[in-house]
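A structural walkthrough
Below are the chains, spelled out letter by letter.
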Amino acid sequence: MPADTVSPGPLWAAMYHSVADTADDPYQVTVSPARLERQLRWLSRRGLTGVGMERLLRAHAEGRGAGLVGLTFDDGYADFLERAVPLLRGYGFTATVFVLPGRLGGTNEWDSLGPRKPLLTADGIREAAAAGMEIGSHGLRHTDLTRADDELLAAETARSRELLRALTGAEVAGFCYPYGTVDARVISAVRAAGYTYACAISPGPLTGMLALPRVHVGEKDTGPRLYLKRRLHRWRREPVPAAEYAAYTDALVGTGGRTAP
């Protein structure tokens, strides 16, 4: 079988949001610091290393991703820096945080049920990057892009990337679809904006480098549940086509190892 048709194996990425007290969590997307620490310990004891998505994809494209797990934190809550980063660094892990440059220092106003939580400021994003975390875009203001007109779609994808590049002084390779909603038109806009990968949740037939599946991890996920989620992931979500890993490898070679132009 030609090398460019061989799959590098299943890619497993966990999706987190806020790391805080879970007493008031109507959407069930918050994980407590104590639970996160136990989940990271569970990974470490099994010889698994949590990494950001760019590193995970690079390793898979080069056939070295077997012991890596992608860790992602959506929305860019301030508690990522305050609570998640110290725990991640304690285990030698990294992660990708997808932030909203149109809401710097704001709150999660899109969550109608609350509670209101502060988002990272510009300084907070730079501090997270300095701690070794990958910074990705979650759009400008957490908008359902499948309902956006062309002008808004361009701003949420291309403009958000420009703002983050200016803020961090580094390339921004990754995008994350707000609410996990994605269609072919939105993927085209993300590609045109220059991203080399994008995260969704369960994109089905759209699965690829610009619509990567992830598994939600929350407060109820103990070790046995994490084990089952990891085992069942390959059956519940479609794999990234092997040809897309080959194209990703070509992009690495063409950019001298940088995954963003």
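Throughout this document, residue positions are counted from 1 along each chain, in the order its sequence is written. The predicted nature of this model means local features are confined to residues of pLDDT at least 70 and side-chain atom pairs, given and counted, to a pLDDT of 80 or more, with totals for whole chains, interfaces and linings taken over all residues. Side-chain measures here rest on the full set of heavy atoms in the structure, leaving out hydrogens and waters.

**Section: the pattern of salt bridges**
Once the charged atoms of two side chains with opposite charge are near each other, the side chains can pair. Rules: A pairing counts as a salt bridge when a side-chain nitrogen of Lys or Arg comes within 4 Å of a carboxyl oxygen of Asp or Glu. Strands are runs of DSSP state E lasting at least two residues, helices are runs of H or I lasting at least four, and both sets are numbered from the N terminus onward. Three labels apply to residues, based on accessible area from a 1.4 Å probe with only protein chains included: buried if under 20% of the type maximum, exposed if over 50%, partly exposed otherwise in between.
Under the defined criterion, the tally for this structure stands at 12 salt bridges. Among the salt bridges present, the one from Arg159 reaches Glu162, with a minimum N-O distance of 3.2 Å. Taken together, the positions of Arg159 and Glu162, both in helix α5 (residues 150-168) and three residues apart, correspond to about one turn of that helix. Classification of Glu162 as partly exposed rests on a relative accessible area of 44%. Beyond isolated ion pairs, a larger network of salt bridges with shared partners links Arg161, Arg165 and Glu171.

**Brief notes about helix α4 (residues 122-130)**
Note the cut-off: To obtain the arc, one takes the directions from the helix axis to the C-beta atoms. For this analysis, residues touch if any pair of their heavy atoms sits within 4.5 Å.
Among the residues of α4, Gly124, Ile125 and Ala128 are the ones counted as buried. Down the axis of α4, the buried side of the element spans an arc of 100 degrees, and every buried residue falls inside it. Exposed residues pointing more than 90 degrees away from the buried face of α4 are listed as Asp123 and Ala130. Tucked inside the fold, the buried residues of α4 contact α3 (78-90), β6 (96-99), β7 (134-137) and α5. Looking one or two residues beyond α4, the residue adopting positive phi is Gly132, at roughly 95 degrees.

**Remarks on empty space enclosed by the protein**
Any empty space left between the atoms is revealed when a probe the size of a water molecule rolls over them. Note the threshold: Cavity: a set of points on a 1 Å grid over the protein atoms alone where a 1.4 Å probe fits but cannot get out. Pocket: an open set with protein on both sides within 12 Å along at least five of seven lines, its lining residues, like those of a cavity, having an atom within 4 Å of a point. Grid points are joined across faces, edges and corners, and a volume is the space filled by probe spheres set on the points. Any residue outside Ala, Val, Leu, Ile, Met, Phe, Trp, Tyr, Cys, Pro, Asp, Glu, Lys and Arg is labelled polar, Gly included; the first ten of those are nonpolar and the last four are charged.
Under the defined criterion, the tally for this structure stands at three cavities of 30 Å³ or more. Looking at the largest cavity, its volume works out to about 70 Å³. In terms of lining, the largest cavity is formed by Asp24, Asp25, Pro26, Tyr27, Val29, Thr30, Tyr77, Asn108, Asp111, Gly114, Pro115 and Lys117. Its residues assigned to classes, the lining of the largest cavity comprises five nonpolar, three polar and four charged. When its volume is computed, the second largest cavity comes out at roughly 50 Å³. Every residue along the wall of the second largest cavity is listed here: Trp12, Ala14, Tyr16, Gln39, Leu40, Leu43, Val69, Leu71, Val217 and Leu226. If you list the elements that add at least two residues to the lining of the second largest cavity, you get β1 (13-16), α1 (33-45) and β5 (68-73).

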